[in-house]
Amino acid sequence: MVQTRRDFLKRTAALSAASYLGMLLPFQDVDNALAADETAWHRGSCRLCGVGCRLELGVKNGLPVALRGVPQSRTNMGYLCMKGMHFWKLMNHPERLTTPLYRAKKSDKFKKISWDEAMDIAADKFAGAVKEHGNDSVAYYGSGQALTEETYLFQKIFRGGLQTNNVEGNPRLCMASAVGGYMTSFGADEPIGGYADIEKADCFFIIGSNMAEAHPVIFRRVMRRKLDNPQVTVINADPRISLTSRIADIHLQFNPGTDLALLNSMAYVIIEEKLHNQQFINDYVAFKKGKGDTIDFEEYKKSLADYTPEKAATIMGGKVTADQIREVARKFASSKGTLSMWTMGLNQRKQGVWANNLVHNLHILTGQLLKEGADSLSLTGQPNACGGVREGGGLCHILPGHRPVEKEAMRNQVEEAWGVPKGRIPALPGLHTMAMFSAVNEGKIKAMWINCTSPVQSLPNCNKYNTGLAKDDTFIVCTDIFPTLTTELAANLVLPTAFHFEKTGVYGCTERRSQITRKAIDPPKGAKPEVEIVRDWANLLAKKLNDPVISQCIKPFAGLEPEYALPKAIWEEYSQKLTKGTDCDLTGATYEVLEGMYDGVQWPAPTAEYAKTGGTVKKFVRGMDPMAETHKTDDKPYQFYGAAHPDHKLWIWARPQANPEEIPDGDYPFYLSTGRIIDHWHTMSMTGRIPELLRANPYSYIEVNPKDATRLGIKPGDMVEITSRRGTNIMPAKVYEGPIEGMVFAYWHDQHPDRMINKVTMDAIDPGSKEPEFKICACKIKKVSGPQALKPYIV
Amino acid sequence: MVIAGFVVQCQPQSQQDTVVALEALGQVEVFGADEKGNIVTVVDAESSADLEKIVKKMEGIEQVLNVGLTYLNVEDEAKKIASGDLSPNPFPRKKHWEKLN
Ligand code: SF4
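Residues numbered from 1 in each chain as written. Chains lettered and ligands numbered in written order. Predicted model: local features only at pLDDT ≥ 70, side-chain atom pairs only at ≥ 80, totals over all residues. Heavy atoms only, no water.

Points about the domain arrangement of chain A
Buried accessible area, meaning the area lost when the parts come together, often serves as the stated size of an interface. All names here are of chain A. Going by this rule: Domain start and end points were adopted from an automatic or database domain assignment. By definition in these notes, contact holds between two residues if any of their heavy atoms fall within 4.5 Å. By definition, the buried area sums, over both parts, the 1.4 Å-probe accessible area that each loses when the two are put together. We define a salt bridge as a side-chain nitrogen of Lys or Arg found within 4 Å of a carboxyl oxygen belonging to Asp or Glu. Under this definition, polar contacts are N or O atom pairs within 3.5 Å; protein pairs additionally need one hydrogen-donor-capable and one acceptor-capable atom, and for neighbouring residues in sequence, both atoms have to be side-chain atoms.
Under the domain assignment, chain A is made up of domain 1 (1-33), domain 2 (101-171 + 384-611), domain 3 (176-379) and domain 4 (670-785). Domain 2 and domain 4 are separated by 32 Å when their C-alpha centres are compared. The partner domain 4 presents 22 residues to the 21 residues of domain 2 that form the contact. Interface of domain 2 and domain 4: buried area, both sides summed, is about 1700 Å²; carbon and sulfur atoms make up 61% of it. The largest per-residue losses of area from domain 2 upon contact with domain 4 belong to Gln457, Pro460 and Asn461, which jointly make up 33% of the total buried on that side. Where domain 2 touches domain 4, the interface holds 1 salt bridge. Taking the shortest distance from any N to any O, the salt bridge between Asp763 and Lys464 comes out at 3.0 Å. The interface formed by domain 2 and domain 4 contains 11 residue pairs in polar contact (both at pLDDT 80 or more).

Spelled out as structure tokens, the structure:
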């Protein structure tokens, strides 16, 4: 019988799905002629969320024609979500930027210019700013979606070349509190374990995360674990009932911002019922308060006295009972392995670092750490917030390889690796994100490079910062693949870049795993990879500033073709010279090693031989982590070598419940929280251009609890005005038993000026991590009309 | 033509009902299932938009817990987009700079 192409593809699709289950189908060998299909498969990572799913892009005649999962991958075991499946449509999208655009004034219209003109203008403006206003008048604002090679090269040119630490990125808005939590609790950034714990965990504690929509493939793994093992308990703690809550055995719904009381109360119960692990505490733990003063166990215990389950239940708003808190604490402490997972619900808070500390406390107290199935795992939002920004030097206070800027010896190591004079890197950290955009408002930043992100939409209280971004005081370059609200409002110069799979580079996902994506198709004519753009720009800068040190920064990369050789050389310099010997040692993870793997390498991975095994599944465990051996200080099985804890201990922190910056009052009686929806990604510049995703959720709406809706006369679809002390939105109501009574919730993706919720959110920051409190502010709502026909809006 | 392979996950005890419900959607073919509630499913859709609609319906089946994509072929659609016969753009517009000038 003749097999049609349709039959062939259907059988291929069935075989792919069956292979995941080890299931044999009666047609294992699809027709040979068709099997010799001319589709070439290129392995890489998904472009979207921080899960780091591995997939292969099928390319035929230069076009992306197919996608398939990589079943051997330890991140996703081959599964992909629907959001991840559509990104191929962005590759030949008609709205892709393909030519540099320039306008001298932001009120002017853009004009097409040549690449030569564009690079000259960019170099001229940055050189001019440095000459006239000093090194700190320039700034870089990058992204957790940029490749590690890109972030690394940008920061090298800014720090080593232009001598400023004004190097920041949007992970400050999402992950900075997780960094602060890991540093202060464990002495080193990033999780001890990873996804492998999911299949071993007996208790999941999911707090401040709607992973069903934000991390769908991780959610799938959790669900599979629960289905296969009915004894597994899933606890979901969140003020909003979400798709994630539907698999929860226990859902704790509390008033926003009261979860510190919950976490302290769980610790109270654990100690009261003697469920803590005294031996683990004796061996490995120190107790701290305030800025790091040492206390003892008794003082820590005393600090919990105000958090009896009864008191905590009251603080939390009364929907959670004291017995539920007790039950949850018992399950957390006594399961064979407890895995906590959280994301922005804890991080985007004025008390973000404290909230992270309090989750870590529970793991340290109970010893639910360092063993199979137990970990305190912060999920990353973006695909390369960990790899590029946290590890590659993309924040104002961190140099590549987790090196703090303020330590002279660390700066000197970097200077030596770069071959630039000692003292070239400034001694003080640069401006963190919110300070950087405040400095734009004040006209202090004269030239700024914004790469692969849209702060006009993504900054909290954005009206305030957009005033400065719109002014001509700051010359702004944007590198991106599509127009965004930032290119429209703030940019003088827009440079079109290559997209994922149109260039080569590494992403590092949530679980310390670095994974390579090689170029598989050509970018649209006119678009270039960022590494080429930065190298060319630095060349011109060196001439205009007559500075041989800038030339030195790019000397190792001179003349290399930008599609593979250039990013490879950048990765080699970074991994071999700047991660060697650090806790994020990627020396063994060369391009050759990464290309040979289905997934990638979890650091530390000091040798290629070791990296080929996949690297370190659990940090700090002797026998599993090579650095636990080389840095051991005694014979104990766990060795905490993190540089931030000279005592080599884990630290339990006494941290009180503390309110968010704004809590509802008579004028603004509701809590407002914001988050993601499954179909969209961030500012929708990508997903809003994919018809299937746009149609699924064309515009944002405000979720209102049915009791509040009845009280205010709001019906489904009614137009509702949401006002805070900072701004106003109008969007349709979704009356829904999601947010707790007294709280409303909106998605933050919508670009329409009426529905851009960051006009309403709050820009108070965590004093430690400098991460803003996107998740909680006070607002009022009122119905302004019945349902109205709305149009989606993409700039 | 857009062809996609999925592992659809449901509660093991509702596997038979789920298979019936999936096949009732049309354009959905079930190739097998295991005792854990994993169902090997192939969708033969007209377009990505059609596929998205079918997947939403699959996700809407009460017993379905997760729809996990394993394979996707869009070669017809990719060719049409490349030749300009189909726009992947929700609201087709001119090139950005043309719009601005
Ligand atoms: S879960 Fe995240 S990384 Fe995985 S396919 Fe979906 S969007 Fe991509």
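Now that the structure has been shown, the text picks up again.
Regarding the nonpolar core
Put simply, the rule reads: Residue types Ala, Val, Leu, Ile, Met, Phe, Trp, Tyr and Cys, when buried and joined through side-chain atoms within 4.5 Å, form a set referred to as a nonpolar core. Categorising residues by exposure relies on relative accessible area from a 1.4 Å probe, with only protein chains included: less than 20% of the type maximum marks a residue as buried, more than 50% marks it as exposed, and the intermediate range marks it as partly exposed.
In this structure, Phe204(A), Met341(A), Phe6(B), Leu51(B), Met58(B) and Leu72(B) are the most contacted members of the largest nonpolar core, which totals 96 residues. Met341(A) has contacts with Phe204(A), Phe205(A), Ile206(A), Ile207(A), Ser209(A), Met211(A), Ile218(A), Val222(A), Leu377(A) and Leu379(A), leaving out every residue within four places of it along the chain. Of all hydrophobic cores here, the second largest spans 67 residues; its members include Phe158(A), Ala447(A), Ala569(A) and Ile570(A).

With respect to empty space enclosed by the protein
Residues and elements named next belong to chain A. To be explicit about the condition: A pocket here means an open set of points on a 1 Å grid, computed over the protein atoms alone, that has protein on both sides within 12 Å along at least five of seven lines. A cavity is instead a set of points where a 1.4 Å probe fits but cannot get out; residues with an atom within 4 Å of a point line either one. Grid points are joined across faces, edges and corners, and a volume is the space filled by probe spheres set on the points. Gly falls in the polar group here, along with every residue not listed as nonpolar (Ala, Val, Leu, Ile, Met, Phe, Trp, Tyr, Cys, Pro) or charged (Asp, Glu, Lys, Arg).
Within the structure shown, the criterion is met by 5 cavities of 30 Å³ or more. Empty space within the second largest cavity amounts to approximately 100 Å³. Around the second largest cavity, the lining residues are Cys46, Leu48, Cys49, Val51, Gly52, Cys53, Leu80, Cys81, Lys83, Gly84 and Val217. Looking at the lining of the second largest cavity residue by residue, the class counts come to 8 nonpolar, 2 polar and 1 charged.

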